[in-house]
Amino acid sequence: MFSSLIWRISVYSLVALASLFFVTRFAVGQTTSIPPNFVPNGGGLNPYGTSGDFGPLQPLTELPPDFRGDDFNNFPGQRGSYASSLGANRGSFSTAPTIFGDFFGGGFSAFGGSQRVTRSFTAPGVLLSATQNTILGFEVGDDSIPNDVFTTGLPSDLSGDGNPDSFGILEPLPTSDAPTSPGQGFVFDPDSGRAVYVGNSGGQTAINGIFTNGQNWFVSYDYVASLTGTDVDPIVPVPGPGVSARRVKVSENFSADVRNRLFLNYSFFNDAYGGLGDINRYVLGFERIVFEDLISIEARLPIAATYGSTQTIGLDENRNIELGNAAIIGKGVLLATEQYIWSAGVGVGLPLADDTVLRRDNRDVLQVQNRSVHLFPFTSLLFRYDQYWTLQGVTQLDVALNGDPIRGDLTGASLPKIGTFNDSTLLHLDFAATRSVYRNPCGSHLRELLFNGELHYTGTLQESDFVSSGGITYTNLAKNFNILNATVGAHFVLADNLIVSPAISVPLRDGLDEQFDYEAQVQVNYLP
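The written sequence of each chain sets the order in which its residues are numbered from 1. In keeping with the predicted nature of the model, local features appear solely for residues at pLDDT of at least 70, side-chain atom pairs appear and are counted solely at 80 or more, and the whole-chain, interface and lining totals rest on all residues. Side-chain numbers come from the whole structure's heavy atoms, not from hydrogens or water.

Caption draft 1: Layout of the overall build of the chain. On a plain count of helices and strands, the chain comes out with one helix and 27 strands. The rule is simple: take the accessible area with a 1.4 Å probe, protein chains only, and divide by the maximum for that residue type; under 20% is buried, over 50% is exposed, in between is partly exposed. Out of the 528 residues in the chain, the part that is buried amounts to 51%. Every residue pair with non-hydrogen atoms within 4.5 Å of one another is taken to be in contact. When contacts within the chain are restricted to residue pairs at least 6 apart in sequence, long-range pairs at least 24 apart make up 65% of them. Shrake-Rupley sampling with a 1.4 Å probe provides the accessible areas, and residues are treated as covered by the protein chains on show and by no other component. Only carbon and sulfur atoms are counted for the fraction: they give 58% of the accessible area of the chain, which is about 22,600 Å². Secondary structure counts use DSSP, requiring at least four H or I residues in a row for a helix and at least two E residues in a row for a strand, with both numbered from the N terminus.

Laid out in structure tokens, this is it:
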């Protein structure tokens, strides 16, 4: 099913790209270039508020109010003197183009270690053999014969009085009344088994004296299990909740300006790190201006065809359609001048993704409960260098307000809580340069073409958290990471209110800082 889905997506993507290519060739072939000093004339109102065809882009403050009638004249920098909501109509897109972004957004962790379960009891010892290898037997139940646990015949003197008072023991047989393996995968540790002479003290420490039949011994031994059942200290990769759609990067399909829009982001991640393979991610969203041209609210909902949230050790990976963590983002324009737009805001990530579950032998051994709420404070600056070039920068933090409870146990019993895992705080730095290379307002298909070149950095501000209990540990694959990616893409402005934007991102670092081989993406913005 998953392979069929990938095949269909690939075919549809190729058809869409081919169609876009021919549409572009047709539109360009039917259009003459616009002279640099072209003055608009003729009839009809275009989205710049002037009549006739497009001329070169005007400075921000020289753009008249939008023809919808919206205006706001009391904002610093004469906000109302240029087109209301620059991004709210097709003609204004080049004054505040969007950034593509680059982020994988997934958490990939490691669950490892060996769990040790100790069995212990106090029982009377009976001497079964007094030859060179002394053998004692211990009875746990009501049998008259001590046949539950036996010593190995290798004594030692723990009390220091010269008399043997400690023996190694053999693993109890499954028919024994003594407690045996706590579950499948647990192996008896012969080095841990010990019977200690305690007499009538009832304690756990060897006492002086010579033992006799019927006196008490403290018997203790361990069973140990690893996740794979073979390695001494195995590490099993574990996808975080909503893998590839867990953490949000505000700069993806983002502009410093506020606007009304509906959008869809599609990303194909080739060979994602940690053995996740190829991943297809979709983000559905909208942005709505809620106060004049100053404040907007944006909502995003990611969905991914990816590594399933439930995996079973020893079986092939489970692929599934996974819902990610949703995000609500508020953005406000703080300053607008002839060349600048400065905005800031904050987003909140809501834990909608499924919990992560790791299973073995039809039993849950790990559960990562998706409970963490994240805050995304950010600020952005747009600089319009001239009528062709626009520069943008975005700085964002991703801060977890609380942690995810971790439950783990290898015995097959109900999973106890072994701790709370807190995501590392992330710093995102993004820079984009946009160049307008083609404009034709009268074209039947392509109205404008812009190219983007971008550089993106993501780094942790502290080492990864870890949770450990009973010898098992849950943590990130890397304590720290510093991701550096580059993105190139184009914006095709079609008809009056549709922008289709294909792009590709590539990592500039290797190791765990290389989260994928490449990311191919298409973003679609509809400006009603």
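Next comes the rest of the description.
Caption draft 2: Quick peek at the sheet that holds strand β16 (residues 363–368). At least two bridges found by DSSP between two strands are what make those strands a pair. Spatial ordering of the open sheet is given by β11-β15-β16-β19-β20, a layout of five strands whose pairing is mixed. The sheet is open, and its two borders are formed by β11 (310–312) and β20 (417–421), each paired with just one other strand. The average angle at which neighbouring strand axes cross in this sheet is 20 degrees, direction not considered. In the sheet, β11 pairs with strand β15 (residues 356–360) via three bridges, with the strands oriented parallel. Residue Thr-312 lies in a different strand from β15, and its bridge partner there is Arg-359. Each axis is a line fitted through C-alpha atoms, and for a helix only the stretch in contact is used; angles between axes span 0 to 180 degrees, taken between their N-to-C directions.

Caption draft 3: Expanded view of unusual backbone geometry. Of note, the phi angle at Asn-253 is positive, near 50 degrees, even though the residue is not glycine. Mapped onto the secondary structure, Asn-253 falls in the loop between β7 (235–239) and β8 (261–272). Positive phi, close to 45 degrees, is recorded for Glu-292, a residue that is not glycine. Examined against the element boundaries, Glu-292 turns out to sit in the loop between β9 (277–291) and β10 (295–307). Accessibility expressed as a relative area gives 39% for Glu-292, which makes it partly exposed.

Caption draft 4: Structural view of the side chain of Asp-398. Along the chain, Asp-398 falls in strand β18 (residues 389–400). By the criterion applied in these results, polar contacts are pairs of N or O atoms within 3.5 Å in which, for protein atoms, one can donate a hydrogen and the other can accept it, and in which residues neighboring in sequence qualify only through two side-chain atoms. Within the structure, Asp-398 has its side chain in polar contact with the side chain of His-374 (distance 2.7 Å).

Caption draft 5: Layout of the pairing of β16. As paired elements, β15 and β16 share five bridges and run antiparallel to each other. The residue bridging Arg-359 from the neighbouring strand is Asp-364, located in β16. Taking the residues between adjacent antiparallel strands as the criterion, β15 and β16 are bridged by two residues, where Asp-361 takes a positive phi near 55 degrees. Looking at chain direction, β16 and strand β19 (residues 404–408) are connected through three bridges and run antiparallel. Its bridge partner lying in β19, Gln-367 is registered against Arg-407.

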